[in-house]
Amino acid sequence: MDDFVRLLERMFIPGDVIEIRVLSLRGGKARGISTANRIKHFRYPHDVDAMVRFLENAKRRIERGTWAAHGVYFSVNPREEVKKDSVGSKATDVRYGSTLFIDFDVFKKGSESSDVWLVVEEVRVKPSKEWAVRNKETAKRFLELLAVNVYHLLVERGMAPAIITDSGFGIHMFFRLNPLIVRNEELPNPLEQQRDFENKYREVFEAVKSVLIDVLEEVVTVEAEGQKVEETKVIAEIIDNAVADVARITRVPGIPNSKLAYSVEDGEITFDPSRLVETRVLFYDIEENELFGHNGLENDPLDVEWLLREYQKAKGMKKPKGIREAQPSNTDTPILDAVWQQMFEKYDFSSAISRAQGLGLVEIEDENTVRTLAKTLLRIYPPEGMRHNFFLQFPSFFLLRGLGPKTVVKIFALALREAIAFGWDEEKEVKDRAAATVEAVVNFISWKLGEEFTKPPAGWRSVIFENPEERENPRLRSEWRAIRERLAQMPEDLRQGLGIRAVTGEQGLRRHILKTLASLGMLIRSAIEGSEGGRSKRKKTAKSPDRDKARIKPKILHNFEPRDIHDKVLHKLAEVYSPEEVDRKDEVVQVWEELEYYYRELLSPYYEKSLVLSIVKLREERGRKPSSLALAIKFKNGRRELIRLGDFKIYVLDIADTNIPVLIKNGKEKSPNLRPFMGLNDVLTVLGSPLFLSPDTAIQRLTRMTDNEDRREFEGRYAGFLDDVLQGYYSLVYRTLGEVIRELAERANIEVTSELEKAAVLFLDMLARAPIVVGGDISTVDTHMVTVIPGKEGYEEWKIIMPTRVLLKLFKEMKELVAGVRFENVTDVLNKVFLAEERYVRDRTEGFQGRDKAYILRLDRIKEVAEAFLPSPESFMAVILEAIEEAEALKLQKKQELVNYFLRLAEEYGGVDIEQIQTMAQDPEISREILDRIKQELTEKGYTVEEIQDKNGVGLRIVSNRETAPDGMFPGTAEAATEGGGAQ
């Protein structure tokens, strides 16, 4: 229940009361299966532990088949007080509205017999609970893609949710509200206060719902086999209207959805565990999230006042009588003067409108509605230097949302007229603005119809954002900063008339623009959906695959000099592209091999030029579910990226008759989905070696490979060629990159679970803090210290001996640093990751009596693991090597002190034996070295020394140049002590 507890932290404050309900199946009975409903209240955070115990008990019983509960639910908004068990709460018991909850009810009861399918990206599902239970993985992937795509479009509108959960059969989104929705105490009586409170919450729900339906139409495609369906209605029904109640409860994530697991047959309750469906938290805004591409920064709460103001404005527009499908007609209207009429003739606007029939674009004839849209557009009227591009690109924003071409031209004409009156633009620029707008609309229609056109309809996002392909955190183009001064100096009456709040700072400007985009989207939807006629006529065509693109090949420069592998691949694909089916497949295979070598050299740490430091195979444990395998790729600049091997598949790469590669599975073409590799590509792009190019960059490079100078003209004329070549390029990238990454996974020599990864980091930290001594061999270990045994060549061959007692002591001191790591995890990681050898060793400090298990590790393996898991492995190794050097220096110092000490004794008493030295040195090898040094120094001083063997072992005896001790008597014996004056 850890995920649920973290969810509560985002939704409730101390003192709030949370209601928990367990709702059970009715209408049957069975021995050993409870059908009781339970309601309990808990005060946050005082009662969280008790709540968790209750929830874990309910989860166990549901999973074991002893509680026929449909599910376990919690209150979205806090209650006023803790009630008695089994007493539920109503809207009058809600303390305040702090969170808005939206339920995307994707898989519904009963609809399996329908031939309607929902599609997001390439995942296709039937919106039926029965279908979802039989196809759990596909349903799960669909919900993930739905959540991610909806989230990114909400971010663009400045309306990002704080939490997203998977309910098993749908998606739940939680929006924090600012300000909170509370009862208006100025109203005359509690009844009116309560009614106003509930109505305001419901109105916020309706406002958000209107935006979400617009978003869903961009994300979800509805397919129907053999029947007509109203697509807009199908999409609108995904949003569950029942959750508009402020007292609503929703499913606790982490407890299985058991609606289909329990059933009643002939009065008997049966349980089928295979029909339990997992629920989970997908997204918290305060945590980094790779799936959503989120950086972990908190999302802004929903601005309730702005949302309601814009929603009321949209509701207030005249709609039913002013909406009809676009038809060819006279373009003469007071809004459009002679200059606009000239542009209509120049770009054959009437013909474009005629061709647009059937696209489902809706014209709005009510001028008040058009003026409202134009006035809203004025909030983001562009600064000088980008106005031409704005009029050339931003009309697509309105057209993509279903407005008709005449309506769009009127909106921009009105906005231009007002901007000139306010001094934001100049009269002399009207002709340029009119030409850009009409050209944009005509080109959009040509693009929708798959026709050839002189210039392509540029996307609206690139005129607003610097990084239009980035959906999570798009950055405004720097030119937009210029409108801050205009907004700051705007008269108050004009500011209020346009509905503009004070804008401060870079983030304030960004919020202003994003909210304006959201407002325009709401107004457009309100205008189009205001009548049944408009709703039924609007059709979805943006994702239609039936456009017949012309395959005209441009002239490719054969003397083009590629600057990198991407230029080489794109140039080769452009060069061999042959609509006439001339076979040049061998050349494609050759460039495929070069791309594969580039990826191997770039990503494999075994290559000298590689930017990768290490690769670890990470097995992610996910409760009772099968573990998933990922590669943790560590770069030399310290960055680390995770690639989940289950997120991409290896398809067959076929080279089509046009010589362009395509991905094939079961005889069907597959589109390359490069989302799993985006994070990896971002890192490598920063390092100057991208894995692949963005579509915009690829098109720019292809433009340079031809004799075309204007990119837009090139893109418009050769759209079919570009589509094929880019598809081939990304198919080649996907196939090659997938193969290389899977090879790297097979070669990775470190494999850990998420638990062992934490344990490895903890052990490295322990080692960096451990006391270290240098020993001669494994037989001379101090079991109270970490001992280093030097190797013959280089420190890589050195061994480190970690006694168990030292390991346990360090673990007790440091285990609080890494929560959830047990001592068994540390010993496991020593065996499985560090490849340590276990051995029992004797402790010389205990006179051969002590025995202790120790782990013997190679220093080169420690370095390898540090490179894989630590952000700064160089610093870690520097600490370890410095500690070893200090231990060596201490050892040499101790050895010299022993040499000096026993040299004095030898000179005074005529000799010394090795047993005495070993008593103090605690190491036979060092004792022998000391004896040899004493012999050498005595010889250098002019003594004649001989090495003898007697009952005390090996020793030295001075035989000349000085009075010596009697035969057989060395310092330290009783006789020597007596005759030599009691030497100690």
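All figures in this text were calculated on a predicted structure; none of them were measured in a lab. (Residues numbered from 1 in each chain as written. Predicted model: local features only at pLDDT ≥ 70, side-chain atom pairs only at ≥ 80, totals over all residues. Heavy atoms only, no water.)

1. A closer look at the overall build of the protein
We apply this condition: Secondary structure elements follow DSSP: runs of H or I of four or more residues count as helices, runs of E of two or more count as strands, with numbering from the N terminus. Exposure is judged per residue with a 1.4 Å probe applied to protein chains only, and the accessible area is read against the type maximum: over 50% gives exposed, under 20% gives buried, and values in between give partly exposed. By definition, residues are in contact when any of their heavy atoms lie within 4.5 Å. The accessible surface values rely on the Shrake-Rupley method and a 1.4 Å probe; as for residues, cover is taken only from the protein chains in view.
Each helix and strand counted, the protein has 33 helices and 33 strands in total. Per-residue burial for the protein yields a buried fraction of 53% across its 984 residues. Partitioning the contacts of the protein with sequence separation of at least 6, the portion at a separation of at least 24 is 69%. Carbon and sulfur atoms provide 47% of the accessible area of the protein, an area that totals close to 44300 Å².

2. A look at the environment of glutamate 268
Summarising the element assignment, glutamate 268 is placed in strand β12 (residues 268-271). The class for glutamate 268 is partly exposed, based on a relative accessible area of 44%. Spatially, the C-alpha atom of glutamate 268 lies 9.3 Å from that of arginine 31, the residues being 237 residues apart in sequence. Leaving out residues up to four positions away in the same chain, glutamate 268 has contacts with Lys29, Ala30 and Ser263.

3. Focus on the packing of helix α26 (residues 754-769) against helix α30 (residues 873-909)
Condition: Note on geometry: axes are C-alpha line fits, over the in-contact stretch for helices, and angles between N-to-C directions span 0 to 180 degrees. Take the far helix as your reference; a near helix turned counterclockwise from it by less than a right angle gives a left-handed crossing, and one turned clockwise gives a right-handed crossing.
Where α26 meets α30, the axes come as close as 9 Å, and the angle between the chain directions of the two elements is 35 degrees. Seen from above, α26 lies across α30 with left-handed handedness. Together, Leu764, Leu767 and Ala768 of α26 and Phe876, Val879 and Ile880 of α30 make up the contact between the two elements.

4. Some points on the pattern of salt bridges
Our working rule: One side-chain nitrogen of Lys or Arg within 4 Å of one carboxyl oxygen of Asp or Glu is enough to make a salt bridge.
Following the criterion strictly, the structure yields 58 salt bridges and no others. The residue arginine 511 makes a salt bridge to aspartate 300 at a minimum N-O spacing of 3.5 Å. In this pair, arginine 511 sits in helix α18 (residues 505-528) while aspartate 300 sits in the loop between β15 (294-295) and β16 (302-303), placing the two residues 211 residues apart along the sequence. When its relative accessible area of 35% is taken as the criterion, arginine 511 is described as partly exposed. With a closest N to O distance of 3.7 Å, arginine 433 and glutamate 429 form a salt bridge. Among the charged side chains, a salt-bridge network with shared partners connects Arg387, Asp425, Glu429, Asp432 and Arg433.

5. Notes on the packing of aromatic side chains
The test is simple: Each Phe, Tyr or Trp ring (for Trp, its six-membered ring) is paired with any other whose centre lies within 6.5 Å, and the angle between the two planes then decides the class: stacked below 30 degrees, edge-to-face above 60, tilted in between. Cation placement over rings: the criterion is NZ of Lys or CZ of Arg within 6 Å of the ring centroid and within 35° of the ring normal.
A full pass over the atoms with the stated rule returns 34 aromatic pairs. Look at tyrosine 381 and phenylalanine 391: their rings are 6.0 Å apart centre to centre, the planes differ by 75 degrees, and that puts the pair in the edge-to-face class. In this pair, tyrosine 381 sits in the loop between α10 (367-377) and α11 (387-393) while phenylalanine 391 sits in helix α11, placing the two residues 10 residues apart along the sequence. Like phenylalanine 391, tyrosine 381 is buried. When the ring of phenylalanine 394 is compared with that of tryptophan 460, the centres are 6.0 Å apart and the planes differ by 90 degrees; the resulting orientation is edge-to-face. Here phenylalanine 394, found in the loop between α11 and α12 (395-400), pairs with tryptophan 460, found in the loop between α14 (430-448) and α15 (461-464); they are 66 residues apart in sequence, far enough to count as distant. For phenylalanine 394, a relative accessible area of 0% corresponds to the buried category. By the ring-pair criterion, three or more aromatic residues cluster together here, those being Tyr381, Phe390, Phe391, Phe394, Phe397, Phe398, Phe412, Trp460 and Trp480. Cation over ring: arginine 183 sits above phenylalanine 197, and NZ or CZ is 4.3 Å from the ring centre. Sitting over the ring of phenylalanine 397, arginine 401 keeps its end group 3.8 Å from the ring centre.

6. As for the side chain of serine 689
Structurally, serine 689 can be placed in the loop between α22 (678-686) and α23 (695-704). Each residue touching serine 689, except ones within four places of it in the same chain, is listed here: Tyr598, Leu602, Leu611 and Leu684.

7. Side note on the confidence of the model for the protein
What counts here: Confidence of the predictor at the level of single residues is captured by pLDDT, which takes values from 0 to 100.
The predicted model of the protein averages 81 in pLDDT, with 86% of residues at 70 or higher. Scored below 50 in pLDDT, residues 318-333 shows 51 contacts in the model against residues more than four places distant or in partner chains. Contacts from residues 962-984, a stretch scored under 50 in pLDDT, to residues over four places away or in other chains number 39 contacts.

8. Some details on helix α20 (residues 565-576)
Threshold: Helix span, expected: 1.5 Å multiplied by one less than the number of residues in the helix.
Under the 1.5 Å per step criterion, the end-to-end length of α20 is 16 Å for 12 residues, consistent within 8% with the ideal 16 Å. Counting buried residues in α20 gives 10 out of 12 residues, a clear majority hidden from the surface. The set of residues buried in α20 consists of Ile565, His566, Asp567, Val569, Leu570, His571, Leu573, Ala574, Glu575 and Val576. Residues of α20 that are buried in the fold lie against α21 (585-603), β23 (661-665), α23 and α25 (719-747).

9. Re the side chain of serine 98
Turning to its location among the elements, serine 98 is positioned in strand β4 (residues 97-104). When near neighbours in sequence (up to four residues on either side) are disregarded, serine 98 contacts Met11, Asn77, Pro78, Phe175, Arg176, Leu177 and Leu180.

10. What about the sheet that holds strand β6 (residues 123-125)?
Heads up, the condition is: Two strands pair if DSSP finds at least two bridges between them.
Taken in spatial order, the three strands make up an open sheet running β6-β5-β9, and their pairing is antiparallel. Unpaired on one side and paired on the other, β6 and β9 (221-224) mark the two borders of the sheet. For this sheet, the mean inter-axis angle between neighbouring strands, taken without regard to orientation, is 30 degrees. Here helix α4 (residues 136-156) sits on the sheet in contact with β5 (116-120) and β6, set at roughly 115 degrees to β6.

11. A look at the packing of α26 against helix α28 (residues 823-832)
The line we're drawing: The cut-offs work like this: below 35 degrees is roughly parallel, past 145 is roughly antiparallel, 65 to 115 is roughly perpendicular, and the gaps in between are oblique. Only Asp, Glu, Lys and Arg are considered charged in this grouping, and only Ala, Val, Leu, Ile, Met, Phe, Trp, Tyr, Cys and Pro are considered nonpolar; every other residue, Gly among them, is considered polar.
Packing of α26 against α28 brings their axes to within 8 Å, and their N-to-C directions diverge by 90 degrees. Regarding the angle of α26 to α28, the classification is roughly perpendicular. Of the residues in α28, those touching α26 at Glu755, Leu756, Ala759, Ala760, Leu762 and Phe763 are Asn825, Val826, Asp828, Val829, Leu830 and Lys832. Looking at the contact of α26 with α28 residue by residue, the classes come out as eight nonpolar, one polar and three charged.

12. Points about the pairing of strand β1 (residues 17-24)
Taken across its eight residues, β1 has seven buried, putting it largely inside the fold. Both β1 and strand β2 (residues 38-43) contribute to a ladder of six bridges, which runs antiparallel. Directly across from glutamate 19, in β2, lies its bridge partner histidine 41.

13. A look at the environment of valine 150
Positionally, valine 150 belongs in helix α4. Taking C-alpha positions, valine 150 is 9.4 Å from alanine 160, a pair spaced 10 residues apart along the chain. Discounting chain neighbours no more than four positions away, the residues touching valine 150 are Phe104, Met173, Leu212, Val215, Leu216 and Val219.

14. Re unusual backbone geometry
For the bond from tyrosine 44 to proline 45, the omega torsion is -5 degrees, close enough to zero to count as cis. Tracing the backbone shows proline 45 in the loop between β2 and α2 (48-64). Phi is positive for serine 86, close to 75 degrees, though the residue is something other than glycine. Looking at where serine 86 falls in the secondary structure, it is placed in the loop between β3 (69-75) and β4. The phi torsion at leucine 835 lies on the positive side, around 55 degrees, for a residue other than glycine.

15. Digging into the sheet that holds strand β31 (residues 911-913)
Taken in spatial order, the three strands line up as β31-β33-β32 in an open sheet, and their pairing is antiparallel. Taken across any chain shown, the strands that pair with only one partner, and hence form the sheet edges, are β31 and β32 (944-950). Shown here is a sheet whose adjacent strand axes are inclined to one another by a mean of 20 degrees, direction ignored. Judged from the seven bridges that link them, β32 and strand β33 (residues 953-960) form a sheet pairing that is antiparallel. Across the sheet, the residue bridging to glutamine 949 is valine 954, located in β33. Set on the sheet, helix α31 (residues 914-921) makes contact with β31 and β33; between it and β31 the angle comes to about 60 degrees.

16. Quick notes on the environment of phenylalanine 811
Summarising the element assignment, phenylalanine 811 is placed in helix α27 (residues 804-814). Put simply, phenylalanine 811 and leucine 762 are 49 residues apart on the chain and 8.4 Å apart in space, counted from C-alpha to C-alpha. What phenylalanine 811 contacts, discounting residues up to four positions off in sequence, is Leu762, Met766, Val821, Arg822, Phe823 and Val826.

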